[in-house]
Structure formats: structure tokens, C-alpha cells
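Structural description and commentary
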Amino acid sequence: MEAIMSTSTGKRLAPMPKDQHWLFGSFLPVRNDLLNFYTRVFRELGDIIRFRGLPGLYWHLVLHPAYVEHVLVRNQHNYRKGKVFDGPIGLITGNGLLTSDGDFWRRQRKLMQPSFHRQALSRFAATMVAETEAYFELWDNRARQSEAFDVAQDMALLTLNIAGLTLFSTPVGEKADAFGQNLRVAFDFVGFRMRPTLPVPLWVPTPSNLRFKAARRRLDAVVYQIIERRRKTLNPAPDLLSMLMAARDEETGEAMSDTQLRDEVITLLLAGHETTAITLTWALYVLTREPAVEARLYEEVVSVLRGASPTVEDLRRLPYTRMVIEETMRLYPPAWGLPREAIHEDEIGGYYIPGQSLVALNQFLTHRHPDFWEDPERFDPERFTPERSSGRPAFAYFPFGGGQRVCIGSQFALMEATLVLAMIVQRYRIRLVPGHPIEFDTMFTLRPKYGVRVTFERRGK
Ligand code: HEM
């Protein structure tokens, strides 16, 4: 199976797909049908695969958990996020945590880390619950009329409301349509720029450049206004923005500038709300397909909550709900691939990796690796029981990345997804609209391309 070749220097090269275009290499299938193409070559060639783009341009898809661990942890200092990631995302997040690097990133991470500890986050549970309750009236009405709707849209708005309130105590929900749309325009633009295309510089007034710049301007205006108002407030709300504004550098005693605050706020909005919305959307979709899982989940939720809304203390009594979320992120990882750039040359699994070349990790495929997941396509939350998890390599599952750049918001996301899912399942049975097409949109995060059209049926009514 392995097409191992040697260079003149005798280095072992990872296997390459056979059917490459003589000039474009794998550029066209990567551009047009990335996920299916990667899935096919993964089945053919396994754990590490070498691709050629335009002549002289190579990259590696790295899928074995031990190799993933090598890149994210063991040899992490040799891997940076690189231009493919930072360039496009940086257009919207500036120098925020997701895209900054080196000492600057380290300082910011240290400043922000305490705000994301489980303890600090527990105070946000009530907001998450209240925002979900605020949807009940709308969903009850729809349930009464058996009205179909796109639950992906509601999850996006709900998680945006929660992000706005926990981050800066501002109900962006009131303006969610405008704010959310601007975020979406910015997000799509970033996703598009991450594709292997030749990007038109931002200063060229193409319609999409202009649209993006207008969206960014409007987002900035809202965020700067919030920061400015906050600076004048004597008793600031106990939200993430307050924590960020109060944080001081240990050595210099310096606080973050307005620009840095803006970058971090936009970063947290961008990194935090859609990923969680997508997790919830896929989880609800799965429940429409898996009646046994739905029944078991309902049983747990009802026996723990007994009709009431959950509190932060209930979370540890909802292990099955949590496993449903975990299994959802295995099969539908919102961040479905992570690009890295090797700084110096390296060796992964005995194969040569050139310096300054791209290394692509891919949760979607590693999470379905048949050597580590039995019957990988099957939705089975109990894979995540402690017994069945033991012995599984750490990086067979990495929805939140790993190493020093691991997601800072993972606890936030798990708390939110578990609370919201428990609340929805306790109150409604969910049905997919017959014939509704489900396909992946891999533009940036792993979205359902046509949304997920469902009807809710009120339980016990
Ligand atoms: C299900 C939800 C989420 C998923 C799947 C997810 C996934 C990820 C992944 C894979 C990374 C690593 C990126 C890389 O190494 O290149 C990351 C980083 C990050 N995430 Fe999340 N995330 C989620 C929710 C959140 C939330 C709720 C927040 C904030 C409230 C957040 C904030 C961040 C930030 C700031 C980083 C950059 C951390 C750093 O580089 O120091 N994420 N996320």
C-alpha cells in the first residue's frame, strides 16, 4: 500500500495519492471536494499522506493519533499555526488569542486563562439556562402548530445571545440579526480565504472585499462602544470583559489596550459561539435519527431534573447527556481540521517533513480511524464511559485541539452544550422534516449545508 520513495538524500517520503494532475497535483479535488477527497485517500493510504499542489508545493495530512500528538504536544515548538490559519482569521480577529504567537500570545493566554477556569465559569450557567428558557415560548408555539424551522439558525442565535451576555453583558440578541449577520459575513469571508486560492488583496474593491470590510467596521463599532461605555462604568458587570479589563501583566502591571480588548472580544465571539451552535445542531439532528439514544437521554434528564431547569450542580449528574455531546463532536467535529506549519524539517512516523511546509491535522478523519474506533460510523455515546475510554490514545479524539494551543473555551462550551441539550430534550421531541437534505458545508467549521429543518413536539402534552 505504501508508495515510499527516497529522495537523493535518502529520506523516506510519505505515500502520495496516485491520480494527481501533472500540473496541479491535488489542487483541484482539494479545492472542490476536500472532505470526500481526503476521506478517499485516507482509506487508501492511511496514517500520513503527502500531497502536491502546484509544482514544488507539498503538504502532509497527518491522521494517526500518535502523529497528531507529536505535532500538537511532543514537538509542538516546531509547529506554528502559520499563514494559512493566521492570515485569513487574523483579518477579523487581529492579534487575538487564536491567531497571535510567541511571547505576545503567551502573555495574553496567561492573562485570560483564569477567566476560563471551571470555577470562574460556573456563574455563567444561569445565563445559559435563562437564555434557553427565553426560547420556550417561541418553540411551544411552533410545536402547537407543528411548524417546521431551521434549528441551526436558532442555535446560532441562542449561542450568540449567550456569548454576548457572558462576554460583555450586552444582549446582542436584540440586534442579533444585524450583529449575527455581520459576524456571518466576516466568518464566511475568512473561510473562503482559507481555501487554496489566490486571494485578491483586501485593498482591491471587489464586492466580497467591500462586504467584508463593511461587516468588520460595523462589528468594531459595536465592540468599541461597549468597551468605551464599560470604561466609564463604576460598577461593571461581572462578565468576561470585566475580567479581561481587570487582568494585569504580572511583570509590568499593564492592562490590555482597547485594541487588544477588541481583538480578544471578537476572537471569543468568533471562536466561541458558532462552534457550540454547530455542536448543538448536530446533536439535535442525531437524536432525530437515533431513537434509542434519545430515549436514554430523556430518561436521564427527567430523572435528574424532574421537569425543572438545570443548575451548574446538575451537570455532574448528567453523564449521558455529556457523552452525547462528546460523541456528537467525534462524528461532527465543529473544528474539523487544524492546519500547522513545520518551522524546521522534522520526521513524523519515520517520514520526512520539510521545514516551512504545511501539516494538516483532521479531526473528522482521526475521529473515524478504524484502528481506534470500533464501527466508527456508528453513533454510540457510551464510547466515552471511563471504562471504554481507557487505553484509547489521547489524540484519537481532539475536538478542542491540544498542547499549549488547546481551546481555552472547552469547559465553557461543554457546560453550555450540556445545559441547552438537557433543556431541549426534557421539553421536546424532535423530528427531522422528511426529505430534508443533510450535507456537510466545510467552508470553515463543519456546518450542515442546508441547515437542519425540524419540528418540535411538546412532551407530556
Ligand atoms: C464546541 C465548541 C468549541 C470547539 C469545537 C472549539 C475548538 C477549538 C480548537 C480545535 C481550538 C484549537 C485551534 C488550534 O490549535 O489551531 C480552539 C482554540 C480556541 N478556542 Fe475553541 N472551541 C469551542 C468553543 C470555544 C468557546 C466557547 C470559546 C470561548 C468562549 C473558545 C475560544 C477559543 C480560543 C480563544 C482559542 C485559541 C486558544 C489559544 O490559541 O490560546 N472556543 N478551539
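Residues numbered from 1 in each chain as written. Predicted model: local features only at pLDDT ≥ 70, side-chain atom pairs only at ≥ 80, totals over all residues. Heavy atoms only, no water.

Under an unreviewed UniProt entry, the name given to the protein is Cytochrome P450, and the organism recorded is Chloracidobacterium thermophilum. Check the Cofactor (unreviewed entry) section of the UniProt entry for the protein; it says "heme". (UniProt positions renumbered as here; feature names shortened; annotations may be inferred.)

**Here we look at the overall build of the protein**
Looking only at helices and strands, one finds 17 helices and 14 strands in the protein. Each of the three principal axes of the protein carries a C-alpha extent, and together these read 70 × 55 × 45 Å. The burial tally for the protein puts 53% of its 461 residues in the buried class. The long-range fraction of contacts in the protein, counting pairs at least 24 apart against all pairs at least 6 apart in sequence, stands at 72%. Summing over all exposed atoms, the protein offers an accessible surface of approximately 21000 Å²; the carbon and sulfur share of this is 53%. Averaged over its 58 positive side-chain charges, the protein has a centre that lies 3 Å from the centre of its 53 negative ones. (Helix = DSSP H or I, 4+ residues; strand = E, 2+ residues; numbered from the N terminus. Buried < 20%, exposed > 50% of the residue type's maximum accessible area, 1.4 Å probe, protein only. Contact = heavy atoms within 4.5 Å. Areas by Shrake-Rupley, 256 points an atom, 1.4 Å probe, with all protein chains shown as cover. Lys, Arg positive; Asp, Glu negative; His and termini not counted. Charge placed at Lys NZ, Arg CZ, Asp CG, Glu CD.)

**Some points on the sheet that holds strand E6 (residues 149–150)**
Working definition: the strands of a sheet are paired by backbone hydrogen bonds and lie parallel or antiparallel to each other. Sheet architecture is open: 3 strands sit in the order E6-E14-E11, paired in antiparallel fashion. In this open sheet, the two strands that pair with only one neighbour each are E6 and strand E11 (428–432). Alignment of E6 against strand E14 (residues 453–458), held across 2 bridges, turns out to be antiparallel. Directly across from Phe149, in E14, lies its bridge partner Val454. (Pairing = 2+ DSSP bridges.)

**Observations regarding helix H13 (residues 291–305)**
An ideal rise of 1.5 Å per residue puts 21 Å on 15 residues; H13 measures up with 21 Å between its terminal C-alpha atoms. Looking at the buried residues of H13, the elements they touch are helix H12 (258–289), helix H14 (319–331), helix H17 (410–427) and E11. Phi turns positive, to about 50 degrees, at Arg306, one or two residues after H13. (Expected span 1.5 Å × (residues − 1).)

**Some remarks on the packing of helix H6 (residues 125–133) against H17**
Packing of H6 against H17 leaves a shortest axis separation of 10 Å and a crossing angle of 35 degrees. Between H6 and H17 lies a crossing of right-handed hand. Each of Ala125, Met128, Val129, Thr132 and Glu133 in H6 lies in contact with H17, whose residues at this interface are Phe412, Met415, Glu416, Leu419, Val420 and Met423. Looking at the contact of H6 with H17 residue by residue, the classes come out as 8 nonpolar, 1 polar and 2 charged. (Axes fitted to C-alpha atoms, helices over the stretch in contact; angles between N-to-C directions. Left-handed = near helix turned anticlockwise from the far one by under 90°. Nonpolar A, V, L, I, M, F, W, Y, C, P; charged D, E, K, R; others polar.)

**Observations concerning the packing of helix H4 (residues 102–112) against H12**
At a closest axis distance of 13 Å, the pairing of H4 and H12 adopts a crossing angle of 70 degrees. On the basis of their axis angle, the class for H4 and H12 is roughly perpendicular. The residues of H12 that touch H4, namely those facing Phe104, Gln108 and Met112, are Gln260, Glu264 and Leu268. Across the contact of H4 with H12, the residue classes tally to 3 nonpolar, 2 polar and 1 charged. (Parallel < 35°, antiparallel > 145°, perpendicular 65-115°, else oblique.)

**Focus on the coordination of the iron atom of the ligand**
Of the protein atoms, Cys407 (SG) alone serves as a donor to the iron atom of the ligand, at 2.3 Å. Inspection of the secondary structure puts Cys407 in the loop between helix H16 (386–389) and H17. (Donors = N, O, S within 2.8 Å, 3.2 Å for Na, K, Ca; no water.)

**A closer look at the site of the ligand**
Lining the immediate environment of the ligand, one finds 30 residues, of which Trp105, Arg109, Arg340, Arg405 and Cys407 sit closest. Contact between the ligand and Trp105: an oxygen atom at 2.8 Å from a side-chain N or O atom of the residue. Residue assignment for the shell around the ligand shows that the elements contributing at least two residues are H4, H12, strand E7 (338–342) and H17. Of all the elements, H12 adds the most residues to the shell around the ligand, at 7 residues. In terms of residue class, the shell around the ligand is made up of 18 nonpolar, 8 polar and 4 charged. (Near = heavy atom within 4 Å. Polar contact = N/O pair within 3.5 Å; in protein donor to acceptor, adjacent residues only side chain to side chain.)

**Topic: the pairing of strand E4 (residues 58–62)**
Among the 5 residues of E4, 4 are classified as buried, and the element is accordingly described as predominantly covered. In this structure, the hairpin formed by strand E3 (residues 48–52) and E4 is closed by a connection of 5 residues, where Gly56 is found at a positive phi of approximately 90 degrees. By the bridge criterion, 4 bridges tie E4 to strand E10 (residues 358–361) in an arrangement that is parallel. Each residue of the ladder has a partner; that of Trp59, found in E10, is Leu358.

**Some details on the sheet that holds strand E5 (residues 79–80)**
Within the open sheet, the 5 strands sit side by side as E3-E4-E10-E7-E5. Their pairing is mixed. Either end of the sheet is taken by a strand with one partner, and the two such strands are E3 and E5. Judged from the 5 bridges that link them, E3 and E4 form a sheet pairing that is antiparallel. Of the residues in E4, the one forming a bridge with Phe51 is Trp59. Contacts from helix H1 (residues 27–45) reach E3, E4 and E10 within the one sheet, and its direction differs from that of E3 by about 150 degrees.

**Re the layout of surface pockets**
Considering only enclosed or pocket space, the second largest pocket measures out at about 640 Å³ in volume. Lining the second largest pocket are 28 residues, and of these Ala152, Gln153, Ala156, Leu157 and Arg184 lie nearest its centre. Looking at the lining of the second largest pocket, the elements that each hand over two or more residues are E6, helix H8 (151–168), helix H9 (176–194), H12 and strand E13 (447–448). The element that contributes the greatest number of residues to the lining of the second largest pocket is H9, accounting for 7 residues. Partitioned by chemical class, the residues of the lining of the second largest pocket number 13 nonpolar, 6 polar and 9 charged. (1 Å grid on protein atoms, 1.4 Å probe; cavity = no way out; pocket = protein on both sides within 12 Å on 5 of 7 lines; lining within 4 Å. Points joined across faces, edges and corners; volume = space filled by probe spheres on them.)

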